[in-house]
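Chain by chain, the residues:
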Amino acid sequence: MKPSLSRRLWIRAAVKIREQYQSQATGFPNVNSPPVDQWTRVMRLSRLLIKAQQRHCPVAFQRCLEQYKHSVSRMIHDLTTCHSELTTIKRPTVIPSLRELVDELCSLPDEFDETRIDWSEQEIVVRTPPVILREVNLGEFEIRLRWSELGDPQPYQVISLSQTGTDDVHHPHVQGETLCEGEGKLPITQALTECRLGDFFLLVQQVLQTYNPGSAYVPLDRWWNTTCADCGDSVDHDESGPCSNCEHRICEYCRRSCTACGDHLCASCADTCAECDGTFCRSCLSDETCSHCLEESMENEYALSESTSPDAPPAAATPSETSEAAQTPPAPVQPVCLGQTDLPA
């Protein structure tokens, strides 16, 4: 791309960004929503904790308890962050000039290997170098600043390009596409408020290159390993799989399979048929009985009711009875003559 054309693109983007700063200066500030997703996770773990207790599964109970305590701590942290955002809402006091914004945007290629504009999403996108924390290579990330959301508590997303983690955690401090900013929250917010876009991207990249085990969604010492929810052993992630019901990871030795549908189950979610003692998930059981045993029971009941029914047809003659009937000569038949009387001898 020619430098002149590149600058024209940055100018177009700068015009859109300045319009957003102008609307924020005259409009109402955006207020972030409370951590509903984290609350949902806490309530789900609370239900699993009660279930493990009722089923007398100590290993599953301990595993749920650890996750429950961690999720409650995360929820407290997120609520504290939400409160901090509410108390620090500020409208931009100075609307940046177009030249200042263009200079900020044109400086990005000097700091990052890849920068681009996503016009459909209204985003300025930069790509970080590989993030390596304690010898764990997490790969590259994209930082995507959406200018249509400038003024929101967190108008950007952090997206993993390598997907090295599990589920929705691909960085110890990123859940989904949301960065836990920690101590970087205030300087990141100030950089956006003061229109220092270059500083904003560098600050976010700095947070990605920092590791705090106390606030990690997944600690680095368990990045490639996982703990079996049944036996508690630490196993390689590839040697374990999620329970189809509760999604807790279980090792190959503890994993059970539903005889009917084949779903993988942990000890807490596996049930036993009261008739055949087979392993089933709850959705494949009815009154603690599998469908095969239910059908067999119904057939037996039907056969019993048919044999004792008063309207049942007479039993067929046995082969011996048929043979005896065939060997017995028929009784002689006397003719009946009408109009005749017996005469005395």
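Residues numbered from 1 in each chain as written. Predicted model: local features only at pLDDT ≥ 70, side-chain atom pairs only at ≥ 80, totals over all residues. Heavy atoms only, no water.

Engineer: So what exactly am I meant to see when it comes to the environment of R255 here?
Structural biologist: With respect to the element layout, R255 can be found in the loop between β13 (249-251) and β14 (256-257). Owing to a relative accessible area of 30%, R255 belongs among the partly exposed residues under this scheme. The spacing of R255 and C228 is 27 residues in sequence and 9.5 Å in space, taken between C-alpha atoms. When neighbours within four sequence positions are excluded, R255 is seen to be in contact with G241, I250, H264 and L265. (Helix = DSSP H or I, 4+ residues; strand = E, 2+ residues; numbered from the N terminus. Buried < 20%, exposed > 50% of the residue type's maximum accessible area, 1.4 Å probe, protein only. Contact = heavy atoms within 4.5 Å.)

Engineer: Could you clarify how one ought to interpret the sheet that holds strand β6 (residues 156-160) in this entry?
Structural biologist: In any sheet, the strands associate via hydrogen bonds between backbone groups, in a parallel or an antiparallel arrangement. If you trace the 4 strands from one edge of the open sheet to the other, you get β1-β2-β5-β6, paired in antiparallel fashion. Either end of the sheet is taken by a strand with one partner, and the two such strands are β1 (114-118) and β6. With strand direction ignored, the average angle separating the axes of adjacent strands in the sheet is 20°. In this sheet, β6 lies alongside strand β5 (residues 141-146) in antiparallel orientation, the contact comprising 5 bridges. Bridge pairing in β6 links R144 to Q157. (Pairing = 2+ DSSP bridges. Axes fitted to C-alpha atoms, helices over the stretch in contact; angles between N-to-C directions.)

Interpretation note: all reported values are geometric properties and have no functional meaning in isolation.
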